[in-house]
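# Structure assessment
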Amino acid sequence: MSDSADKSSDRTPAMTVEPGSGSPPNVADDPQARETVMSDTVTALRSNSINKVEMISKGLTNLDSIQLANAMPNCTCLLFLALRNNNIGDHGAEAIGRALPHCPQLYRVLLFGNNIGDRGAITIAEGLRKSQVGMMTLSDNRIGPLGAAAVGAAARDSKAVYLVSLRTNPLLDEGLEALASCLPQAPDTNSWRILATDQSGGTDRGVQALAKALISSTMQEFHYLDTNISEAGALSLGEMLRVNVHLTSLRLTDINLGDKGAILFGNALSRNLKLKKFNISKNNIGNACAEALSRGLKKTICLWQPCSCKVMLLDRMARVRSRQMWPRRIPSCS
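Residues numbered from 1 in each chain as written. Predicted model: local features only at pLDDT ≥ 70, side-chain atom pairs only at ≥ 80, totals over all residues. Heavy atoms only, no water.

### Focus: the pairing of strand E8 (residues 221-225)
Stated formally: Relative accessibility decides the category of a residue: with a 1.4 Å probe and only protein chains considered, values under 20% of the type maximum give buried, values over 50% give exposed, and everything between is partly exposed. Helix and strand definitions here come from DSSP, where helices need a minimum of 4 consecutive H or I residues and strands a minimum of 2 consecutive E residues; each element is numbered from the N-terminal end. Being paired, for any two strands, means DSSP has found at least two bridges between them.
Where burial is concerned, most of E8 is hidden: four out of the five residues are buried. Bridging between strand E7 (residues 194-196) and E8 involves three bridges; their strand directions are parallel. Within E8, the residue paired with Ile194 across the bridge is Glu221. Here E8 pairs with strand E9 (residues 249-253) via five bridges, running parallel.

### Quick word on the confidence of the model for the chain
We count it as follows: Per-residue confidence from the predictor is reported as pLDDT, a score between 0 and 100. For this analysis, residues touch if any pair of their heavy atoms sits within 4.5 Å.
Averaged over every residue, the pLDDT of the chain is 81; the share at 70 or more is 78%. Here residues 1-25 scores under 50 on pLDDT; set against residues more than four positions off or in separate chains, the count is 34 contacts. When the criterion is pLDDT under 50, residues 301-334 qualifies, and its contacts beyond four places in sequence or with other chains add up to 76 contacts.

### Side note on the environment of Tyr107
Within the secondary structure, Tyr107 sits in the loop between helix H4 (89-99) and strand E4 (108-110). Through-space distance from the C-alpha of Tyr107 to that of Leu79 is 5.5 Å; in sequence the pair is 28 residues apart. For Tyr107, the contacting residues outside a window of four places in its chain are Leu79, Gln132, Val133, Gly134, Met135 and Tyr162.

### Regarding helix H6 (residues 145-157)
This is how the line gets drawn: Working rule for helices: expected span equals 1.5 Å times residues minus one.
End to end, H6 covers 18 Å across 13 residues, agreeing with the expected 18 Å (1.5 Å per residue, within 8%). Those residues of H6 hidden inside the fold are in contact with helix H5 (118-129), strand E6 (163-165) and helix H7 (172-182).

### Quick notes on the pattern of salt bridges
Note the cut-off: Salt bridges are identified by distance alone: a Lys or Arg side-chain nitrogen within 4 Å of an Asp or Glu carboxyl oxygen.
If you walk through the whole model with that rule in mind, you get 12 salt bridges. Arg129 is the salt-bridge partner of Asp157, the closest N and O atoms lying 3.2 Å from each other. Taken as a pair, Asp157 in helix H6 and Arg129 in helix H5 lie far apart in primary sequence, 28 residues in all. Accessibility expressed as a relative area gives 37% for Asp157, which makes it partly exposed. For Asp198, the salt bridge identified is with Arg251, shortest N-O distance 3.5 Å. Taken as a pair, Asp198 in the loop between E7 and helix H8 (204-214) and Arg251 in strand E9 lie far apart in primary sequence, 53 residues in all. Of the two residues examined, Asp198 and Arg251, each falls in the buried class. Taken together, the shared-partner salt bridges in this structure form one network comprising Lys52, Glu54 and Arg84.

### A closer look at the environment of Thr123
Mapped onto the secondary structure, Thr123 falls in helix H5. The spacing of Thr123 and Glu94 is 29 residues in sequence and 5.2 Å in space, taken between C-alpha atoms.

### Quick look at the state of the cysteines
What counts here: In this description, a disulfide is simply a cysteine sulfur pair whose atoms lie within 2.5 Å.
In this structure the tally under the stated criterion is zero disulfides. Considering cysteine sulfurs only, Cys75 is the nearest to Cys103, which forms no disulfide, with 7.4 Å between them.

### Description of the packing of H6 against H7
The condition that has to hold: To get an axis, fit a line to the C-alpha atoms, keeping to the stretch in contact for a helix; angles then go from 0 to 180 degrees between the N-to-C directions. Our angle categories are set so that under 35 degrees counts as roughly parallel, over 145 as roughly antiparallel, 65 to 115 as roughly perpendicular, and the remainder as oblique. When residue character is reported, Ala, Val, Leu, Ile, Met, Phe, Trp, Tyr, Cys and Pro are called nonpolar, Asp, Glu, Lys and Arg charged, and the others, Gly included, polar.
Contact pair H6 / H7: the axes reach a minimum separation of 8 Å and the direction vectors enclose 10°. With respect to H7, the axis of H6 lies roughly parallel. Counting all contacts with H6, which are made through Pro145, Ala148, Ala149, Gly152, Ala153 and Arg156, the residues of H7 involved are Glu174, Gly175, Ala178, Leu179, Ser181 and Cys182. When its residues are assigned to classes, the contact of H6 with H7 shows seven nonpolar, three polar and two charged.

### What about the packing of aromatic side chains?
Just so we agree on the cut-off: Centres within 6.5 Å make a pair out of two Phe, Tyr or Trp rings, where for Trp the six-membered ring is used; the pair is then stacked when the planes are under 30 degrees apart, edge-to-face when over 60, and tilted otherwise.
For the structure shown, the criterion picks out two aromatic pairs. Their ring planes at 20° and their centres at 6.3 Å tell us that Phe222 and Tyr224 sit as a pair that is stacked. Summarising the burial analysis for this pair, Phe222 and Tyr224 share the class buried. Each ring, one from Phe265 and one from Phe278, has its centre 5.9 Å from the other, and the planes form 25°; the classification is stacked. Placement of the pair is Phe265 in helix H10 (residues 258-271) and Phe278 in strand E10 (residues 277-279), with a sequence separation of 13 residues. There is no split in this pair, since Phe265 and Phe278 are both buried.

In structure tokens form, the structure reads like this:
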């Protein structure tokens, strides 16, 4: 970052509007207060005197986000943009997407909970491909297969994207298959390393496509939570883990794994020496099969995130065998 950007950061605090910081406590319910916050933020962006815009649950509309987007190109020191839990919709998302390539320092963008559909996601993807954004969070929107395909292709083609989160979107199997086709494959030098697709509405078909792509992918962290898949889908992920040599973190929560899947994962873990963080909570695993998983952990440095008495017992065994300090939390990928 330039010296001027550093000085700007020191001179003007991040525009994080919270109750008690000089604005009314319910900005989302007070149009006048929201207008004041918007005016101050836009002014700071236009004067290039702000490096962080964080407006969470402020009741922003598509028109508000368009105002912000129009001012963003003037702010060359902007690093972080969080408009979580508003209602910017597709029109607002399109405006933000068009602004992304004009913000050379912008690295992290959080747009979850904004009623963004495929149309908005496609424009964001176009901007993402030409920008320096490394972390793009689009969780809890209404993005479908077309939007997922666009975002996945942009992440694949970008040299900057590191994390993509599309959790809680109706991606369906078509969207998961599109993402699978975009996952970076060795020896790609693509920087995309983290993908979260929890609660995507997919079935075994979509999960199996992802598992097949992950076998040779350079992806380092993968999150998946969905109760729609059966044992077959879960087992395909276990088979993937057995031969994958790039994943360092895997979170497979509430995927109907069961005892058979636990035994398969235990065998896979005994072969996989790369994985360091492993979360497989809420999967109906019995005590005997938990022991099988623990035997797999003996030959790895995997860490477990406890979620029940049964799993905490497993964790105690794993701690001794892996000689790792506990607890360590899997990084949030919201």
